[in-house]
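# Structural features, examined
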Amino acid sequence: MSSSARQAPVSLKVASTLFIVFWLVLAAFPFFWTLWGSFKVELDFFSIADWTNAITGKLTEETHGSTFTGAGYYGAWVQEEFWRAALNTGIVCVFVVVTSLTIGTLGGYALSRSNYNYVFWLLIAALIFRAMPQITLVSGYLPPFFAWNLWGYLPTAIIVLVAINQPFTLWMLHSFFKKIPIDLDESAKVDGCTQFQAFRYVIIPVMWPGVITTGLFSFLLAYNDFAVTTMLLNEQNRTMVPKIAAFLGTTYTEGNVMFAVAAVVSATAPLFLLVMLFQRQIVSGLTAGAVKG
Amino acid sequence: MKHRTFFWFFLPTALAMLIFIAAPIGSVVIQSLFVPHEAVLVETENCGPFGCTKSVVIDQEATAELREAEPLGRFAGLGIYLDRGHLAFAEVSEAWTTSQSIGEFFSDVGDLPFYRAMAFTLTYTFVVTPLLIALGFVIALAVNSLNRRIRGFVIFFSLLPMIVTPLIGSLTLYWMIDSRGVIGEFIQYVAGSPDLSLKASTPLMWIALMVYGIWHSAPFAFVVFYAGLQTVPQDTLESAQIDGATRWQQTRYVVLPHLTPLVTFVALIQLMDNFRVFEPIIGFNASAHATSLSWIIFNDLSGETNQLSAAATTSVLTIIGVAILLSPVLVRTWRDFKGKA
């Protein structure tokens, strides 16, 4: 970037900076606005009289004596038992990530170390499965789950999410394992290891970067899922996203909307943290499939 | 790797996919061909002091027996596919013969639930996909010209709309665009009409949903293109400069061709993803103005009546739609595979 010919003219620099600022506002402002508004009363956040009320919190001060109030959070977490949904989300995410990585690693490793034609067809099948809208699968699950009394429980939703997650996990881990030289396990096998021992003692110690990246995406799938969790879990076992949808279903009475706003902010916070800590991995994961092709 | 070893390594994931993806697809296809049994009715005559009355009651026992014997229901063939809730051939052909003009025909057909959903789904897919690619490309170019130190910061905020749960993201936007929200009030102010409301206007709702779609998916395009920009061959760029190419020409004739495969990749992925549009319709509470195929399935399943057959039929039609959009991806993967071999 040192050559003077490459220097951008001032007008272009200004335009590009302005555009970046515009995009940053577009991308981030809604979240900060909602975060700020979640500490207000409904008539401030959805202000009919004067939009600046949402910033100054005029009516919040009149109601609660301070311009900030945790009433929405109290209502959501304590009154409506959002903590239960948060706990359920935690359980679902942990088990989905662990199970899906365990079986996905074995499968992805096998795919990367085999040169037969069926590997290609298995990957194609996985690609087709990845494209299936999840809600269409749900209508296939319901009759047997009702018949066998499996509907409504967390383990059912976990297994379903693991399965739905497999195609993507396989593709991603397959390409990661392809990058680990095959000579490593070949030489272990020459030394008398079985294929599994080679995997256990040679591959597992070096596979973690790829596995962590894949795990992040499994986590996001489980955390963000709406179609499966809302259709397959009963009221007790609901995770956060269907719980928020349920808040919306109950009438928009005063206060109730603020419960939903507080719940939305609470559910966004862990994702903020996740992107902050794992930005590099997320970017590399998103581009892994694309840049090669 | 030997076939045998491969089999054992691959078995758990294969089982998971067979039982929970392949089998439900099969089951959906079968369900869509059957309708539930109607209750068995028996006519009984009650004779009292004031004469005899005939009444029809449900024979619970016989109904249960029939449902037990054939749990799938009555075979309906393609009947459900052709009914009013789905392809509705009868209604469409009637609209064709009775309507005076093309416009009237389309508005008649647009009232049928399946075609209404199809109209929105396709408009959404084919408007959002090109726009998000364009936006992603411009963001990538702009970020690439930034100072290295602030790039990480910009990328962090750029990722948020994509990473955040679709339902939550759409709610966040909806609360702002709502007539009482900050952007909603701004729009009312600019348009000069205080009655303008998202809830009352179909075109406005469609635009809002599409804006959400672009906002949600542009970061994906951005990240992919940004990674692609890092691998643009510097030699080619330099020789273009020596030959006197302007900045625009460099972008047009060097950078863009280099990114073409990535554009195809993003387009194919996003076409499939946008076709499944679902959560924003829930988040924006938009079902009065816009429905999608996924939303119809969800609505059939979550209603009191649990219309499994209707949902299954829409599912099969959706899968056919996805298959059409997926075919170019498969062809591309096949070519890649042949190229490597």
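Scanning chain A for helices and strands turns up 15 helices and zero strands. For chain A, the spread of C-alpha atoms along the three principal axes comes to 80 × 70 × 30 Å. Burial status across chain A gives 54% buried among its 293 residues. For chain A, the share of sequence-separated contacts (at least 6 apart) that also reach a separation of at least 24 residues comes to 73%. For chain A, the exposed surface amounts to about 13100 Å²; the carbon and sulfur share of it is 68%.

What follows deals with the pairing of strand β3 (residues 51–58) of chain B. All names here are of chain B. Sheet topology note: the strand β2 (residues 41–48)/β3 ladder contains eight bridges and is antiparallel. Bridge pairing in β3 links Asn-46 to Thr-53. Joining the antiparallel neighbours β2 and β3 is a turn of two residues.

Attention shifts here to the packing of aromatic side chains. The final tally for this structure, using the stated rule, is 49 aromatic pairs over all chains. Ring plane angle 40 degrees and centroid distance 5.9 Å describe the contact between A:Phe226 and B:Phe298, whose orientation is recorded as tilted. Here B:Phe298 lies in helix α14 (residues 293–302) and A:Phe226 lies in the loop between α12 (208–224) and α13 (227–232), a pairing that spans two chains. Of the two residues, A:Phe226 and B:Phe298, both sit in the buried class. In textbook terms, an aromatic cluster arises when at least three aromatic residues are bridged by ring pairs, as seen for A:Phe31, A:Phe32, A:Phe272, B:Phe153, B:Phe156, B:Phe157, B:Tyr174, B:Tyr212, B:Trp215 and B:Phe284. Above the face of the B:Tyr253 ring, B:Arg252 is positioned so that its terminal group lies 4.9 Å from the ring centre.

On to the domain arrangement of chain A, then. All names here are of chain A. Per the domain assignment, the segments making up chain A are domain 1 (1–30), domain 2 (38–69) and domain 3 (75–292). Taking the mean C-alpha position of each, domain 2 and domain 3 sit 39 Å from one another. Across the contact, seven residues belong to domain 2 and eight residues belong to domain 3. Carbon and sulfur atoms make up 74% of the surface buried where domain 2 meets domain 3, a total of about 560 Å² over both sides. When the area that domain 2 buries against domain 3 is broken down by residue, the three leading residues are Ser-38, Glu-42 and Phe-45, summing to 75%. There are zero salt bridges connecting domain 2 and domain 3.

Turning to the nonpolar core, a few remarks are in order. When a protein is soluble and globular, its nonpolar side chains tend to lie buried together. Within the largest apolar cluster, 191 residues are counted, with the highest numbers of intra-cluster contacts made by A:Tyr141, B:Leu159, B:Trp175, B:Val266 and B:Phe284. Counting residues in hydrophobic clusters, the runner-up holds six residues, among them B:Ala88, B:Val92, B:Phe105 and B:Leu112.

All names here are of chain A. With their axes 12 Å apart at the nearest point, helix α8 (residues 134–147) and helix α9 (residues 154–179) run at an angle of 140 degrees to one another. Between α8 and α9, the angle is such that the two are oblique. Remark: the crossing between α8 and α9 carries right-handed chirality. For the pair α8 and α9, contact is made by Gln-134, Leu-137, Tyr-141 and Phe-145 and by Thr-156, Val-160 and Ile-164, respectively.

Within the secondary structure, B:Asp178 sits in the loop between α8 (166–177) and α9 (182–191). Here B:Asp178 falls in the buried class, since its relative accessible area comes to 3%. Here the alpha-carbon distance between B:Asp178 and B:Leu196, two residues 18 residues apart in the chain, equals 10.0 Å. With residues near it in sequence (within four places) discarded, B:Asp178 still touches A:Phe46, B:Gly184 and B:Lys199.

Turning next to the interface of chain B and chain A. Reports often express the size of an interface as the amount of accessible area lost when the parts come together. On the chain A side, the residues contacting the 93 residues of chain B number 102 residues. Carbon and sulfur atoms make up 79% of the surface buried where chain B meets chain A, a total of about 8800 Å² over both sides. For chain B, the biggest contributors to the area lost against chain A are B:Phe9, B:Trp175 and B:Arg180; these three give 10% of the whole. Taken together, chain B and chain A are joined by two salt bridges. The partner of B:Asp273 in a salt bridge is A:Arg130, with the nearest N and O atoms 3.6 Å apart. Our enumeration of links across chain B and chain A arrives at 15 residue pairs in polar contact (both at pLDDT 80 or more).

Reading the values: rules and limits
Residues numbered from 1 in each chain as written. Chains lettered and ligands numbered in written order. Predicted model: local features only at pLDDT ≥ 70, side-chain atom pairs only at ≥ 80, totals over all residues. Heavy atoms only, no water. Helix = DSSP H or I, 4+ residues; strand = E, 2+ residues; numbered from the N terminus. Buried < 20%, exposed > 50% of the residue type's maximum accessible area, 1.4 Å probe, protein only. Contact = heavy atoms within 4.5 Å. Areas by Shrake-Rupley, 256 points an atom, 1.4 Å probe, with all protein chains shown as cover. Pairing = 2+ DSSP bridges. Phe/Tyr/Trp six-rings, centres within 6.5 Å; stacked < 30°, edge-to-face > 60°. Lys NZ or Arg CZ within 6 Å of the ring centre and 35° of its normal. Domains from an automatic or database assignment. Buried area = accessible area lost by both parts, 1.4 Å probe. Salt bridge = Lys/Arg side-chain N within 4 Å of Asp/Glu carboxyl O. Core = buried A, V, L, I, M, F, W, Y, C linked by side-chain atoms within 4.5 Å. Axes fitted to C-alpha atoms, helices over the stretch in contact; angles between N-to-C directions. Parallel < 35°, antiparallel > 145°, perpendicular 65-115°, else oblique. Left-handed = near helix turned anticlockwise from the far one by under 90°. Polar contact = N/O pair within 3.5 Å; in protein donor to acceptor, adjacent residues only side chain to side chain.

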